[in-house]
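One-letter residues, chain by chain:
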Amino acid sequence: MTLAARTAVPPSLSYELYPPANAQAEATVLRAIEELGGTHPDYVSVTYSGTPERRRASIQLIEHLVGATRLRPLAHLTCVGETRASLELLVCQFVGLGVRGVLAMRGDLPTDPDTFRGDLPFARYLVELIRSVEDRHSATLAGGRMAVGVAAYPNRHPESPSFEHDVEVLVSKERSGADFAISQVYFDPAHYVRLVAAARAAGVTIPIIPGVIPMSSVRRLERLAVMTGVRPDPALLHRLETASSDAERRRIGVAAAAELARAAFDAGAPGVHLYTFNDARASIEVVEALDLPSTRTLSASVPA
């Protein structure tokens, strides 16, 4: 049975991009944007973290998406290290740029305990702040709403006491005004199924979109494990380590990502979010392997 036959409506498709750190990286991300645009995604998320320079690069990338492409940006926003006033200014800036979607996250805590951690301790307060700014800009938004996404964790967050606690946090994010959630990376299809089942049992009703990475680099996989606390799939790690070429590692990573997405669709996932690492080709190959419904392209090609 095809994906089109299994779903009543075309599944959502989205990508994550990283702001460029230098001129070479800028050329890579601009090329990725052009290539990814051909798949007609519903939105493209832009990460927002790190140094002030990287944050300026995020804003510039969003400006490019709004002004020079037909892609809709989903702007990441983290509250670590920010005052309430600075966050309100950032949300106002997003609204002024034409951004109509924000992914609200706490962000990584600083390693130095004496470093200012910000006025808002958790993402749910950031969601509430976004809604507050939205209320004051109803005319600019033509009476509409910002789409606010949040993170969900198929595996326990590194700082969380339990998976159950993470689910309760997701409940609080929805109650604060979140519209949808994107999952953190995972490697076992059962983990996404468990997350959705536990969330629904706890009262979560918003869509939970699986976040999937076409992983073709052993070094990147190991670094990802350190960053997220999610142990990589030993079988995938072994296949990547023993692959005879970069091309083979690419095929392995694409196939593994497509398998995760396909299993999530079988479990009722409303779409898929691909973490690209600015590698458009691998993500497009995942989309092609999934045989996403042609109705996505047909509906996206109708002039507004």
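All residue numbers here refer to positions counted from 1 along the written sequence of the relevant chain. Totals for whole chains, interfaces and linings use every residue, but because this is a predicted model, local features are given only for residues with pLDDT of at least 70 and side-chain atom pairs only at 80 or more, for both listing and counting. Note: side-chain values were computed over all heavy atoms of the structure, leaving out hydrogens and water.

Draft legend 1. Quick look at the pairing of strand β1 (residues 12–17). With respect to burial, β1 is a largely interior element, six of its six residues being buried. Three exposure classes are used, based on accessible area relative to the maximum for each residue type with a 1.4 Å probe and protein chains only: buried under 20%, partly exposed in between, and exposed over 50%. Secondary structure is summarised from DSSP: a helix means a run of H or I of at least four residues, a strand means a run of E of at least two, and numbering begins at the N terminus for each. Burial of β1 is two-sided: the residues S12, S14 and E16 facing one way and the residues L13, Y15 and L17 facing the other way are all buried. Relative to strand β9 (residues 271–275), β1 is paired through five bridges, and the arrangement is parallel. Residue L13 lies in a different strand from β9, and its bridge partner there is V272. Place the viewer so that the strands point away; then a crossover is right-handed whenever the path from the first strand over the helix to the second strand goes clockwise. Taken together, β1, helix α2 (residues 23–37) and strand β2 (residues 43–46) form a β-α-β motif whose crossover is right-handed. By the convention used here, strands pair only if DSSP detects at least 2 bridges between them.

Draft legend 2. Structural context of the packing of helix α5 (residues 123–136) against helix α6 (residues 163–176). For the pair α5 and α6, the least separation of the axes is 8 Å and the interaxial angle reads 10 degrees. As judged from the angle between their axes, α5 and α6 are roughly parallel. For the pair α5 and α6, contact is made by A123, R124, V127, E128 and R131 and by S172, K173 and S176, respectively. Split into classes, the residues belonging to the contact of α5 with α6 amount to two nonpolar, two polar and four charged. In this analysis, axes come from line fits to C-alpha atoms, helices being fitted only over the stretch in contact, and the angle between any two N-to-C directions falls in the range 0 to 180 degrees. An angle below 35 degrees is read as roughly parallel, one above 145 as roughly antiparallel, one from 65 to 115 as roughly perpendicular, and any other as oblique. We call two residues contacting when some pair of their heavy atoms lies within 4.5 Å. In this classification, Asp, Glu, Lys and Arg are treated as charged, Ala, Val, Leu, Ile, Met, Phe, Trp, Tyr, Cys and Pro as nonpolar, and every other residue, Gly included, as polar.

Draft legend 3. Region of interest: the nonpolar core. The biggest cluster of nonpolar side chains holds 69 residues, and the ones touching the most others in it are L17, L77, F94, L126, L170, I208 and L274. Sort the elements by how many residues they give to this core and helix α10 (residues 246–266) lands first, with seven residues. With near-sequence residues (within four places) excluded, I208 lies in contact with A152, L170, A181, Y192, L195, V196, A199, R200 and P270. For this analysis, a nonpolar core means a set of buried residues of the types Ala, Val, Leu, Ile, Met, Phe, Trp, Tyr and Cys, connected via side-chain atoms within 4.5 Å. Residues L74, I209, A243 and Y275 belong to the second largest nonpolar core, which totals 23 residues.

Draft legend 4. Focus on the sheet that holds strand β7 (residues 208–209). Reading across the sheet, the nine strands line up as β7-β6-β5-β4-β3-β2-β1-β9-β8 and stay open at both edges, with parallel pairing between neighbours. With partners counted over all chains shown, the strands left at the sheet margins are β7 and β8 (211–212), one partner each. Two elements, strand β4 (residues 101–105) and strand β5 (residues 147–152), share three bridges in a ladder whose sense is parallel. The residue of β5 that forms the bridge with L103 is G149. Most of the contacts of helix α3 (residues 52–68) go to strand β3 (residues 73–78), to which it runs at about 160 degrees, and overall it touches β1, β2 and β3.

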